[in-house]
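Okay, here's what each chain looks like letter by letter:
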Amino acid sequence: QHVCPSEDYTDVDQSLWYHEGVDYVIENSLMTGYGNGIFKPNTDTTRAMITVMLWRLNGSPVVNYLLDFEDVEEGKWYTEAIRWAKSEGVAEGYGNGFFGTNDAITREQMVTMLFRFSGDEHAAYDLSAYADVDDISYYAVDAFEWAVAKGYISGMSASILAPQGTAIRAQAA
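Residues numbered from 1 in each chain as written. Predicted model: local features only at pLDDT ≥ 70, side-chain atom pairs only at ≥ 80, totals over all residues. Heavy atoms only, no water.

Draft legend 1. Structural context of the side chain of Thr51. Here Thr51 is to be found in helix α2 (residues 47-57). Not counting residues up to four positions away in its chain, the partners in contact with Thr51 are Ala81, Ile82, Trp84, Ala85, Ala91, Phe99 and Met113. (Helix = DSSP H or I, 4+ residues; strand = E, 2+ residues; numbered from the N terminus. Contact = heavy atoms within 4.5 Å.)

As structure tokens, this is what we get:
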């Protein structure tokens with residue numbers, strides 16, 4: 001008998017577009033809920049959350065790397081994930097001594113981390129059909145081209161990528 005991994009979460013609508021993704025991240029221990037049967041699929045994903053997901057997807061490796069971010073405390077649920085991500089070049093901070101641990105991740109930040117994590121070569125894709133293509137920061141252009149070419153992101157609509165928008169937990173899943 002198959003049990004749906006998200007069935008115990010009262011706020012996960014199993015008829016919506018995100019259901020399979022949420023099931024996948026729960027089943028593979030990449031994301032957890034908030035307790036009391038709450039997953040919060042429509043809550044912003046933080047930079048720490050996405051970093052932990054990628055770290056877990058990579059087997060939760062332990063690395064010896066000095067963290068010099070003022071907002072990354074030792075011994076927290078995200079510390080080793082951020083240490084790993086920084087050491088591997090998957091995630092960078094803001095360049096001012098801060099990682100942005102609890103900041104809502106923008107779609108372009110998330111796509112960039114996914115691209116770096118993948119290790120794939122750049123996949124050229126013409127993004128000119130998207131009305132907000134000029135809103136993509138210089139560092140994220142290759143990542144967006146890769147993500148759209150691979151079908152990982154199709155946009156918020158047929159013509160909007162929303163690179164500066166935040167990514168909710170359902171989108172991250």
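Structure shown, so let's carry the discussion forward.
Draft legend 2. Quick look at unusual backbone geometry. Unusually for a residue other than glycine, Ser60 sits at a positive phi of about 55°. Residue Ser60 is classed as partly exposed on the basis of its relative accessible area, which comes to 30%. Not every positive phi belongs to a glycine, and Ala162 is a case in point at roughly 55°. Here Ala162 lies in the loop between α5 (141-150) and α6 (169-172). (Buried < 20%, exposed > 50% of the residue type's maximum accessible area, 1.4 Å probe, protein only.)

Draft legend 3. A look at the environment of Met156. Inspection of the secondary structure puts Met156 in the loop between α5 and α6. Excluding residues within four positions of it along the chain, Met156 makes contact with Arg107, Leu161, Ala162 and Gln171.

Draft legend 4. Representation of the nonpolar core. Counting 33 residues, the largest nonpolar core has Phe39, Ile50, Val72, Ile82, Phe99 and Met113 as the members making the most contacts within it. For this core, the secondary-structure elements that each account for two or more residues are α1 (19-27), α2, α3 (79-88), α4 (107-118) and α6. Counting residues per element, this core draws most heavily on α2, which supplies 6 residues. Apart from the residues lying within four places of it in its own chain, the contact partners of Ile50 are Thr45, Ile105, Met110, Met113 and Ala172. Membership of the second largest hydrophobic core comes to 14 residues, among which are Phe115, Leu127, Ile136 and Val148. (Core = buried A, V, L, I, M, F, W, Y, C linked by side-chain atoms within 4.5 Å.)

Draft legend 5. Inspection of α4 at higher detail. The end-to-end C-alpha distance of α4, which contains 12 residues, comes to 16 Å, matching closely the 16 Å that a straight helix rising 1.5 Å per residue would cover. Where α4 is concerned, the buried positions are Arg107, Glu108, Gln109, Met110, Val111, Thr112, Met113 and Phe115. Tucked inside the fold, the buried residues of α4 contact α2, α5 and α6. Downstream of α4 by a residue or two, Gly119 has a phi angle that is positive, lying close to 75°. (Expected span 1.5 Å × (residues − 1).)

Draft legend 6. View of the packing of α4 against α5. Interhelical geometry of α4 versus α5 gives an angle of 75° and a closest axis separation of 8 Å. Taken together, the axes of α4 and α5 are roughly perpendicular relative to one another. Contacts from Arg107, Glu108, Val111, Thr112, Leu114, Phe115 and Ser118 of α4 reach α5 at Asp142, Ala143, Phe144, Trp146 and Ala147. Along the lines of polarity and charge, the residues of the contact of α4 with α5 split into 7 nonpolar, 2 polar and 3 charged. (Axes fitted to C-alpha atoms, helices over the stretch in contact; angles between N-to-C directions. Parallel < 35°, antiparallel > 145°, perpendicular 65-115°, else oblique. Nonpolar A, V, L, I, M, F, W, Y, C, P; charged D, E, K, R; others polar.)

Draft legend 7. Region of interest: α5. Those residues of α5 that sit buried are Ala143, Phe144, Glu145, Trp146, Ala147 and Val148. Packing partners of the buried residues in α5 comprise α4. Remark: Gly151 follows α5 within two positions and exhibits a positive phi of approximately 85°.

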